[in-house]
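Listed here are the chains, written in short residue letters.
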Amino acid sequence: MSGKKTIEEILSSDGKYVSTTVGFSMKPLFHDRRDTIIILPKSGRLKKYDVPLYRVGESYILHRIIKVLPDSYVIRGDNCKDKEFGISDEQIIGVLHSFYRKDKYGEVSSLGYRVYSVLIVAAHPFIWACRRVRSCVSRLLKRK
Amino acid sequence: MKIKNGFVLRRVLDEAIVIPSGEASKSFNGMIKLNDTAAFIWEAIAGGKSLPEIAKSLSEEYGISVEKATEDANKMIEKLLTEGFLEK
């Protein structure tokens, strides 16, 4: 029997889960293996802009809620193009409470973070339009 | 002595936790909780203090003798060395 606890078990026994961020999907907020996230157990339904930790198969994902539906959530990573539909409350095991970006501590309840959350979601179409244009220009330049 | 590259102390909801970051997080998957004294010593080491300096600070902070503080700091440092969080 493995002695390693699951994240669900850690959240249940310790009341929090602390981890180093892995991946690029929440850039520019979190960088791969640089930042620290503090996750608390979920209580009740989540709100738009909350960042849940949820499970898809064997994988754990930390992305942002961009729309709350009656029976599920629409979720997207800040650095991701595509939305994820149909994420249910049952899949969500915790929610981002606070974090360290490098060595600077921040809480999701802070004004600065809340402004960032609104802006990053609102700016998504423009960011991806700019990336697409940049990609097209880059390809055209390579052809010449 | 110094803290190995890639291990950081985080204050999380009144607890002190050491977790890996960067390359260290690829090989060390977990975290260790430190009590107040251990966290104090960790931060002193991170700040580049020597053992006598750590013992003096510990003695002043917790109102204990320098001898007792040196003993406690030594124990903690030995433990951190054994666990692989420090290097000489």
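For the structure itself, consult the block above.
Structural notes, computed from the coordinates. Just so it is clear, the model here is predicted, and its values are computed rather than measured. (Residues numbered from 1 in each chain as written. Chains lettered and ligands numbered in written order. Predicted model: local features only at pLDDT ≥ 70, side-chain atom pairs only at ≥ 80, totals over all residues. Heavy atoms only, no water.)

### What to know about the sheet that holds strand β6 (residues 73-76) of chain A
Residue and element names in this part refer to chain A.
Here comes step 1: Ordered in space as β5-β6-β7, the three strands form an open sheet in which the pairing is antiparallel. Each edge of the sheet is formed by a strand with only one pairing partner; in this case those strands are β5 (64-68) and β7 (84-87). The average undirected angle you get between the axes of adjacent strands in this sheet is 35 degrees.
Here comes step 2: Bridge count for β6 against β7 is two bridges, and the pairing is antiparallel. Counted as the bridge partner of isoleucine 75 is glutamate 84 from β7.
Here comes step 3: Taken strand by strand, helix α2 (residues 111-122) contacts β5 and β6, and its axis lies near 70 degrees from that of β5. (Pairing = 2+ DSSP bridges. Helix = DSSP H or I, 4+ residues; strand = E, 2+ residues; numbered from the N terminus. Axes fitted to C-alpha atoms, helices over the stretch in contact; angles between N-to-C directions. Contact = heavy atoms within 4.5 Å.)

### Digging into the pattern of salt bridges
All names here are of chain A.
Here comes step 1: Summed over the entire model, instances satisfying the criterion amount to 16 salt bridges over all chains.
Here comes step 2: The salt bridge involving arginine 45 is made with aspartate 89; its shortest N-O contact spans 3.1 Å. You can see arginine 45 sitting in the loop between β2 (36-41) and β3 (52-56) and its partner aspartate 89 sitting in the loop between β7 and β8 (92-101), a full 44 residues away along the chain.
Here comes step 3: A residue is classified by how much of its surface remains accessible, and arginine 45, at 37% relative accessible area, is partly exposed.
Here comes step 4: Bridged by salt links that share partners, the residues Glu8, Arg55 and Glu58 form one connected network. (Salt bridge = Lys/Arg side-chain N within 4 Å of Asp/Glu carboxyl O. Buried < 20%, exposed > 50% of the residue type's maximum accessible area, 1.4 Å probe, protein only.)

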